[in-house]
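Coordinates in review
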Amino acid sequence: MFKKQKISHYQFKILVVMCFVGTSILVTPGGLAAETKQDAWLAAIIGLLLSFPIVWIYNFLGNHLYNMTLIEYTEKVLGKWLGKLVSLSFIFFCFINSASLLYIVGDFVTTQIMPETPIQFTNTLFVIVVVMGSRLGIETLARAGEILYPWVIGIFIILIFLLFPNTDIKKIQPIFEHGIKTNLRGALLFMSYSSLTLIVLLMIFPAYINKPQKAKKTFLRGTLIGGLMIFIMTLFSILVLGHDFTARNVFPSYILVKKISLADFLERMEAAIATLWIITIFYKIVIYFYGAILGLAQTLNLQDYRPLTLPMAMILIVISLIIYPNVVYANTWNSTTWIPFVLTFGLFLPLLLLIVAVLRK
Amino acid sequence: MWSILGIITVGILISIYEVPSLLRRKLKRELWVFSILLIFGVVLSILKSLRIDIPNPLDLLTNIYKPLNDFIFDSLK
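Our subject in this report is the structure included herewith.

Here is what the cut-offs are and how they apply
- Residues numbered from 1 in each chain as written.
- Chains lettered and ligands numbered in written order.
- Predicted model: local features only at pLDDT ≥ 70, side-chain atom pairs only at ≥ 80, totals over all residues.
- Helix = DSSP H or I, 4+ residues; strand = E, 2+ residues; numbered from the N terminus.
- Rg over C-alpha atoms; globule rule 2.2 N^0.38 Å.
- Buried ≥ 20, exposed ≤ 12 C-beta atoms within 10 Å, placed from the backbone.
- Core = buried A, V, L, I, M, F, W, Y, C linked by C-beta atoms within 7 Å.
- Contact = placed C-beta atoms within 7 Å.
- Axes fitted to C-alpha atoms, helices over the stretch in contact; angles between N-to-C directions.
- Parallel < 35°, antiparallel > 145°, perpendicular 65-115°, else oblique.
- Left-handed = near helix turned anticlockwise from the far one by under 90°.
- Nonpolar A, V, L, I, M, F, W, Y, C, P; charged D, E, K, R; others polar.
- Expected span 1.5 Å × (residues − 1).

Side note on the overall build of chain B
Each helix and strand in chain B was counted, giving three helices and zero strands. Secondary structure elements of chain B, listed N to C terminal, follow the sequence α-α-α. The C-alpha radius of gyration of chain B comes to 20 Å, more than 25% above the 11 Å expected for a compact globule of 77 residues. Looking at chain B residue by residue over its 77 residues, the buried ones come to 17%.

The structure is reproduced here in structure tokens:
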């Protein structure tokens, strides 16, 4: 039941880009600017460079996985009980992440686009699509990704070109004012939103890939494309809005695109970036949700994961409503506990698995 | 009151949709997991609709990760 679906390495690259860009494109510039002021773009570059070793570790772990998902492998390497415990905590990680991403979608729609609609309904509507996607399986999602990917890249390039007239180079000076440690902290923040969360892709890679060897290269290439997109977005947020204004907004990229004004004719382009962002965050949520449910089915030795989607979706909606009581809580959580939390699963878990696997040989 | 009725209706609709095919395929284990999750989901939704405080899982994580968190941010200060 699980193993029938296969996706190509090109489709995998699209999933990597979508997952990498996901929330980050709208949220990261603000977080980075709050941490590193006008050096946010530098922190983004450092974060991008440090992402490659992380993806390399995932690729290396992928070598060991062969035909298993991360959950099956954990059980094989760590033994039945410890393996199940670690698997369950990984499932919890995926599930909490999809809930917090869902909260961000609801928060964005209710504060910026449709203020009259209660957040419960936006979340429920979004979850219905997520459930459809995860029930149809990874192959369908990847094919839909092939259709949506050109739109994401196209919208992004057009918006960046339209923003050129508004840039002001003085806003990123003085460069490197805050020293290396601040920038490293910013880089860590960048990675915590993007590359470290890619661990969930090990639920798909290499078990559901046609040619896993080729997919390794596309994993790195997807990381590069996604990282560059976020870097460019951060750079332009600083160049156009300045670090102060960027840091003060929850969704700086959205405000940024509102600044586009070409000959008093082409204005109010923010719906375009909302479209882009909804597409990418849909993929991020769906992959997390799919990872959580597939993982749960595999941990409990079930034959089919589909019956679990609807009840889990119900729980997901409630969790997404209670997870952040307010924006201040969300910001504090994202810049403190979130980082060690994601490091545990994004860095320590694969390293632990690799070390145990090597020792066992 | 209406929200509770709505939630229970949704729960029943979900089981009408899923249970027959599970019974037909004789997937007992799946049926158990499905029922437990569904009951959990329905109860959680009802509690939320009654505005009863549900403990936030993130608070628990904050407490667990406090030492590691302090370590990371002290070393990068």
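So, the overall build of chain A
The helix and strand inventory of chain A stands at 15 helices and zero strands. In summary, chain A has a C-alpha radius of gyration of 20 Å against a globular reference of 21 Å for 361 residues, a match within 12%. Dimensions along the principal axes, computed over C-alpha positions, put chain A at roughly 60 × 45 × 35 Å. Counting all 361 residues of chain A, 55% fall into the buried class.

Some remarks on the nonpolar core
All names here are of chain A. Of all hydrophobic cores here, the largest spans 137 residues; its most connected members are Leu 15, Leu 201 and Ile 293. Ranked by residues supplied to this core, first place goes to helix H12 (residues 270-299) with 17 residues. Other than its neighbours up to four places away in sequence, Leu 201 contacts Leu 15, Val 16 and Cys 19.

Notes on the packing of helix H3 (residues 40-65) of chain A against helix H15 (residues 338-360) of chain A
All names here are of chain A. Where H3 contacts H15, the two axes come as close as 10 Å, and the packing angle between them is 40°. The orientation of H3 relative to H15 falls into the category oblique. Helix-helix and strand crossings are classified by hand; for H3 and H15 the assignment is left-handed. Together, Ile 54, Ile 57, Tyr 58, Phe 60, Leu 61 and His 64 of H3 and Leu 347, Pro 350, Leu 351, Leu 353, Leu 354 and Ala 357 of H15 make up the contact between the two elements. Each residue belonging to the contact of H3 with H15 can be placed in one class, and the counts come to 11 nonpolar, one polar and no charged.

Some points on the environment of Ile 71 of chain A
Residues and elements named next belong to chain A. Along the chain, Ile 71 turns up in helix H4 (residues 70-78). It is 16 Å that separates the C-alpha atoms of Ile 71 and Asn 59, two residues lying 12 residues apart in sequence. Discounting residues that sit within four places of it in the chain, Ile 71 has contacts with Ser 87, Phe 90, Gly 295, Gln 298 and Thr 299.

As for the packing of H3 of chain A against helix H9 (residues 212-241) of chain A
Residues and elements named next belong to chain A. Viewed as axis vectors pointing N to C, H3 and H9 meet at an angle of 165°, and their least axial separation amounts to 9 Å. Regarding the angle of H3 to H9, the classification is roughly antiparallel. When you trace H3 past H9, the crossing you get is right-handed. Packed against H3, whose contacting residues are Ala 40, Trp 41, Ala 44, Ile 45, Leu 48, Ser 51, Phe 52, Val 55, Tyr 58, Asn 59 and Gly 62, the element H9 presents Pro 212, Lys 216, Phe 219, Leu 220, Thr 223, Gly 227, Ile 230, Phe 231, Thr 234, Leu 235 and Ile 238 at the interface. For the contact of H3 with H9, the class distribution of residues is 15 nonpolar, six polar and one charged.

Observations regarding helix H1 (residues 9-21) of chain A
Residues and elements named next belong to chain A. In a regular helix each residue adds 1.5 Å, so 13 residues correspond to 18 Å; H1 covers 18 Å between its end C-alpha atoms and thus fits that length. Most of H1 is tucked away: 12 of the 13 residues are buried. Taken residue by residue, H1 has His 9, Gln 11, Phe 12, Lys 13, Ile 14, Leu 15, Val 16, Val 17, Met 18, Cys 19, Phe 20 and Val 21 as its buried positions. Buried-residue contacts for H1 involve helix H2 (24-36), helix H7 (138-163), H9 and H12.

Remarks on the interface of chain A and chain B
At the interface, 25 residues of chain A touch 28 residues of chain B. Going through the elements one at a time, helix H8 (179-193), helix H13 (309-322) and H15 of chain A are the ones with two or more residues in the side of chain A that touches chain B. When residues of the side of chain A that touches chain B are assigned to their parent elements, the largest contribution, eight residues, is made by H13 of chain A. Counted by class, the side of chain A that touches chain B contains 19 nonpolar, three polar and three charged residues.

Focus on unusual backbone geometry
Cis rather than trans, the peptide bond between Phe 205 of chain A and Pro 206 of chain A has omega equal to 0°. Turning to its location among the elements, Pro 206 of chain A is positioned in the loop between H8 and H9. A positive phi is found at Asn 301 of chain A, a non-glycine position, where the angle reads about 55°. Considering the arrangement of structural elements, one finds Asn 301 of chain A in the loop between H12 and H13. Take Asn 301 of chain A: there are 8 C-beta atoms within 10 Å of it, and that puts it in the exposed class. Unusually for a residue other than glycine, Lys 26 of chain B sits at a positive phi of about 55°. Relative to the assigned elements, Lys 26 of chain B resides in the loop between helix H1 (2-24) and helix H2 (28-49). On the basis of neighbour count, Lys 26 of chain B is assigned to the exposed category, with 8 C-beta atoms found within 10 Å.

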